[in-house]
Structures are given as structure tokens and as C-alpha cells.
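Observations on the three-dimensional arrangement
Below are the chains, spelled out letter by letter.
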Amino acid sequence: MISIARAHLVSETIVREACVLHRLPTTLPTYWLGWNRLRAKMGHKFHALFDAVNQAMVQTPRSSSLVENLNSRLRNYFTLRRHFGDSYLSLLQFFLNHRRFMRSRRAERNGKSPRELMTGQGHPHWLTLLGLGPLQPQRA
């Protein structure tokens, strides 16, 4: 929001108004009243700002879906223990950041961990990183 305001030389309040406007259905009269009010304030800058806000809103994932995804992933680990402290949460964070994805909708994520995707650098298996020694191949 701040970057959009700086790029278009407007206040953050105006950008916030455009964001709120994007949440409204275009079928409501409230949308068009707000649209006209914002357009009158902005003048010739309105369409460029509105497009920039629209692009930012499309690229920003809905936070509720992110939270629900995180909760669904963590719920399995929380049922294993009745009480947990910082050490358990730290170990869980480490595990989830270093565990490689077995499958993904995006081919570039397959076989990579979140850490590898964020840093672009590979790492050994997460058990090896914990100092438990290199993994041994399974014997038949």
C-alpha cells in the first residue's frame, strides 16, 4: 500500500479507499458512489491508481485461506502432545521449513523444501541437519 501511494504520489488514505472499493461488488450503488468520489479526488491519476490497487489485490492471497492452510497442517502435530513449549515449536518449525515437498501443483516445488525455495540453495536431509548423522540406505 505504501509503495503504491509513493509510486502514484498520493496519500495512503486514498489507496486504502481504493482497496475498500475493490472489496465491494460492482452491482451495489455504494460501489459507484465511492468510485465517483475517488475519481473526483484523483482526477487523471485515478485509473492508474485503481489498476495498481487491482493488481496488488489479485496478487495478494486471502489471509483466511493461508491461516486455514496453516492450521490444517499444524493440527496433526498438536494432537500428539497435550502441552508443548518453545522447544517443541522450534523443532516443528525447523521440520516444516526443511521437509521436502513430495508433490505440488507447481513442478518447480516438487522435491524441494520451503527453505530451498526461499533461498535457492539446496541442503541435506533435515535429520542430517539436526546432527543425527547421514541417512543410511534401507536394507531389504
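Here the structure is a predicted model, which means the values were calculated and not measured.

Chain-level pLDDT for the protein is 83 on average; 89% of the residues reach the 70-or-more range. The element-level mean pLDDT for the protein is lowest in helix α5 (residues 63-78), coming to 76, with helix α3 (residues 29-42) highest at 91.

Glancing now at the pattern of salt bridges. Overall, the coordinates contain two salt bridges when judged by the stated rule. Residue Glu17 is joined to Lys41 by a salt bridge in which the shortest nitrogen-to-oxygen separation is 2.9 Å. Separated by 24 residues along the polypeptide, Glu17 in helix α2 (residues 12-23) and Lys41 in helix α3 bring together distant segments of the chain. Given the relative accessible area of 26%, Glu17 is considered partly exposed.

Attention now moves to the packing of α3 against helix α4 (residues 46-59). For any two helices packed against each other, the geometry comes down to the angle between their axes and how far apart the axes lie. With their axes 9 Å apart at the nearest point, α3 and α4 run at an angle of 125° to one another. Between α3 and α4, the interaxial angle falls into the category oblique. Between α3 and α4, the contacting residues are Tyr31, Trp35, Leu38, Arg39 and Met42 on the first element and Phe46, His47, Leu49 and Phe50 on the second.

Under the 1.5 Å per step criterion, the end-to-end length of helix α6 (residues 86-98) is 18 Å for 13 residues, consistent within 8% with the ideal 18 Å. Regarding α6, the residues found buried are Tyr88, Leu92, Phe95, Leu96 and His98.

Now for the nonpolar core. Counting residues in hydrophobic clusters, the biggest one holds 17 residues, and the most contacted among them are Val15, Leu38, Met42, Leu49, Phe50 and Val53. Only α1 (2-8), α2, α3 and α4 provide two or more residues apiece to this core. If sequence neighbours within four positions are ignored, Val53 has contacts with Ile4, Val15, Ala18, Cys19 and His22. Counting residues in each nonpolar core, the second largest holds six residues, with Leu74, Tyr77, Leu92 and Leu96 among its members.

Moving on, we get to α3. Look at α3: 20 Å from first C-alpha to last across 14 residues, which is about the 20 Å you get at 1.5 Å a residue. Those residues of α3 that sit buried are Tyr31, Gly34, Trp35, Leu38 and Met42. Buried residues of α3 fall within an arc of 105° about the axis and therefore sit on the same side. In α3, those exposed residues whose orientation departs by more than 90 degrees from the buried face are Pro29, Leu33 and Ala40.

The rules behind the values
- Residue positions are given per chain, counting from 1 as you read along its sequence in written order.
- Residues qualify for local features only when their pLDDT is at least 70, as the model is predicted, and side-chain atom pairs are given and counted only at 80 or more; totals for whole chains, interfaces and linings, by contrast, use all residues.
- For the side-chain quantities, the full set of heavy atoms in the structure was used; hydrogens and water were omitted.
- Scored between 0 and 100, pLDDT is the confidence that the predictor attaches to each residue.
- Numbering of helices and strands runs from the N terminus, with a helix taken as a DSSP run of H or I at least four residues long and a strand as a DSSP run of E at least two residues long.
- Here, a salt bridge means any Lys or Arg side-chain nitrogen found within 4 Å of an Asp or Glu carboxyl oxygen.
- Categorising residues by exposure relies on relative accessible area from a 1.4 Å probe, with only protein chains included: less than 20% of the type maximum marks a residue as buried, more than 50% marks it as exposed, and the intermediate range marks it as partly exposed.
- Angles run from 0 to 180 degrees between N-to-C directions of axes, and those axes are lines fitted to C-alpha atoms, restricted for helices to the stretch in contact.
- When an angle is under 35 degrees it counts as roughly parallel; over 145 it counts as roughly antiparallel; between 65 and 115 it counts as roughly perpendicular; any other value is oblique.
- We call two residues in contact whenever any of their non-hydrogen atoms come within 4.5 Å of each other.
- How far a helix is expected to stretch is found by multiplying one less than its residue total by 1.5 Å.
- Residues belong to a common nonpolar core when they are buried Ala, Val, Leu, Ile, Met, Phe, Trp, Tyr or Cys residues joined through side-chain atoms within 4.5 Å.
- Read the arc as the range of directions from the helix axis to the C-beta atoms.

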